[in-house]
Amino acid sequence: MALLRFLDIPPRLELDPDGHGRAIGTLVLIHGFPLSAHSWERQFVLSESGWRLIVPHLRGFDEGGDPRSRTSMDDHAGDIIDLLDSLHVEQAVIGGLSMGGYVTFALLRNAPSYFKGLLLADTRPQADTPEGKAARERMVVMVRERGPSAVADDMLPKLLGETSRREQPGLVEEVRGIIVSNGTEAIADALTAMMRRPDSTPTLRAIKVPTLIVVGDEDTVTPPELSVEMNSAIAGSELVRIPRAGHLANMEQPEVFNHAVGRFLQRF
Ligand code: MLT
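Residues numbered from 1 in each chain as written. Predicted model: local features only at pLDDT ≥ 70, side-chain atom pairs only at ≥ 80, totals over all residues. Heavy atoms only, no water.

We now examine the pairing of strand β7 (residues 238–242). Sheet topology note: the strand β6 (residues 211–216)/β7 ladder contains five bridges and is parallel. Counted as the bridge partner of Gly216 is Ile242 from β7. (Pairing = 2+ DSSP bridges. Helix = DSSP H or I, 4+ residues; strand = E, 2+ residues; numbered from the N terminus.)

Right, dumping it as structure tokens:
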């Protein structure tokens, strides 16, 4: 099967007197549902501190992407491992937002040696509740009957915090544009993968790498209290709460988000 499509942002390097530069490391950013790698574009400036960014479109996502999508987090994680192997990246700081966090938990279980550090943004370790699974089933029917724009209408008020919805109309349209560029089956399969995902709470205690947890104060999908719990469960982790941001904290308040991640990357 073809490798994942991804955005590859080279590091801006300080050159030594001989004109050679060396990247400090690689940062992998995994997007949430129902988005694509484009949702991380505001983070590309992090390459200015010498980091290479690898930002995959999960299989099936983004217009023109591989139509064969995935129905388990383990399969998405396997795609990321294949991509890193093909790029000869043996270790990276790996992070995900929301569903990207669910994929990251699967990676932690299946391939912990790839982690130099961990970023968990607006996500949760718990599996879906029975009510949550029923809501996903309804959304599968909805996307097959009415297409990705119906999913956008349903999700936008949940994804963006109330401050962003009030003050950033351009962002609302940008997120809608990302959602509707995805295929119906990619969205339906991602819903299936999310409802099947296991509880990752036991994984938290096994995390041994430096970890940054970031959450928007106005996140109602994965509320801040869940990040406070993850912060207690992951030894030595750091938690940053972002004011005036909802579930897409990286897009809603990118400067504050990038400052937190940039400071975290200085540890390596
Ligand atoms: C996401 O942002 O990836 C999803 O909203 C997560 C979820 O629905 O559990």
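After presenting the structure, the write-up continues.
This paragraph deals with the packing of helix α1 (residues 73–86) against helix α2 (residues 99–110). Between α1 and α2, the least distance of the axes is 8 Å, while the angle of their chain directions is 75°. One finds that α1 runs roughly perpendicular with respect to α2. Facing α1, whose interface residues are Met73, Asp74, His76, Ala77, Ile80 and Ile81, α2 presents Met99, Tyr102, Val103, Ala106, Leu107 and Asn110. Across the contact of α1 with α2, the residue classes tally to nine nonpolar, two polar and one charged. (Axes fitted to C-alpha atoms, helices over the stretch in contact; angles between N-to-C directions. Parallel < 35°, antiparallel > 145°, perpendicular 65-115°, else oblique. Contact = heavy atoms within 4.5 Å. Nonpolar A, V, L, I, M, F, W, Y, C, P; charged D, E, K, R; others polar.)

For the rest of this paragraph, the subject is the site of the ligand. Surrounding the ligand, one finds Gly32, Phe33, Ser98, Met99, Tyr102, Arg136, Met155, Met194, Val221 and His247. In this structure, an oxygen atom belonging to the ligand sits 2.6 Å away from a side-chain N or O atom of Tyr102. Contact between the ligand and His247: an oxygen atom at 2.7 Å from a side-chain N or O atom of the residue. Protein chains bury 94% of the 270 Å² of accessible surface belonging to the ligand in isolation. The pocket occupied by the ligand, as judged from atoms lying within 2 Å of grid points, is the largest pocket. (Near = heavy atom within 4 Å. Polar contact = N/O pair within 3.5 Å; in protein donor to acceptor, adjacent residues only side chain to side chain. Areas by Shrake-Rupley, 256 points an atom, 1.4 Å probe, with all protein chains shown as cover. 1 Å grid on protein atoms, 1.4 Å probe; cavity = no way out; pocket = protein on both sides within 12 Å on 5 of 7 lines; lining within 4 Å. Sits in = over half its atoms within 2 Å of the grid points.)

Here Glu174 shows up in helix α6 (residues 169–180). With 77 residues separating them in the primary sequence, Glu174 and Met251 have C-alpha atoms 9.9 Å apart. Residues in contact with Glu174, not counting those within four places in the same chain, are Arg42 and Met251.

In this structure, Phe33, Leu53, Ile94, Met99 and Val175 are the most contacted members of the largest nonpolar core, which totals 87 residues. In terms of residue count, the dominant contributor to this core is helix α7 (residues 184–196) (eight residues). The residues contacting Met99, other than those within four sequence positions of it, are His31, Gly32, Phe33, Leu58, Phe61, Met73, Ala190 and Met194. (Core = buried A, V, L, I, M, F, W, Y, C linked by side-chain atoms within 4.5 Å. Buried < 20%, exposed > 50% of the residue type's maximum accessible area, 1.4 Å probe, protein only.)

A separate point is the pairing of strand β5 (residues 115–121). Of all seven residues making up β5, six are buried, and the element is well covered by its neighbours. As paired elements, strand β4 (residues 92–97) and β5 share six bridges and run parallel to each other. Note on β5: the bridge partner recorded for Val93 is Gly117. Handedness of the crossover joining β4 and β5 through α2: right-handed. Across four bridges, β5 lies against β6 in parallel orientation. Bridge pairing in β6 links Leu120 to Ile213. (Right-handed = clockwise from strand over helix to strand, strands pointing away.)

Before going further, it helps to spend a moment on empty space enclosed by the protein. It is the rolling of a water-molecule-sized probe over the atoms that shows where space remains empty. According to the stated counting rule, one finds two cavities of 30 Å³ or more in the structure shown. Looking at the lining of the second largest cavity, the element that brings in the most residues is α2, giving four residues. Taken together, the residues that form the lining of the second largest cavity break down as six nonpolar, one polar and three charged. (Points joined across faces, edges and corners; volume = space filled by probe spheres on them.)

Any functional reading would require information beyond the geometric quantities listed.
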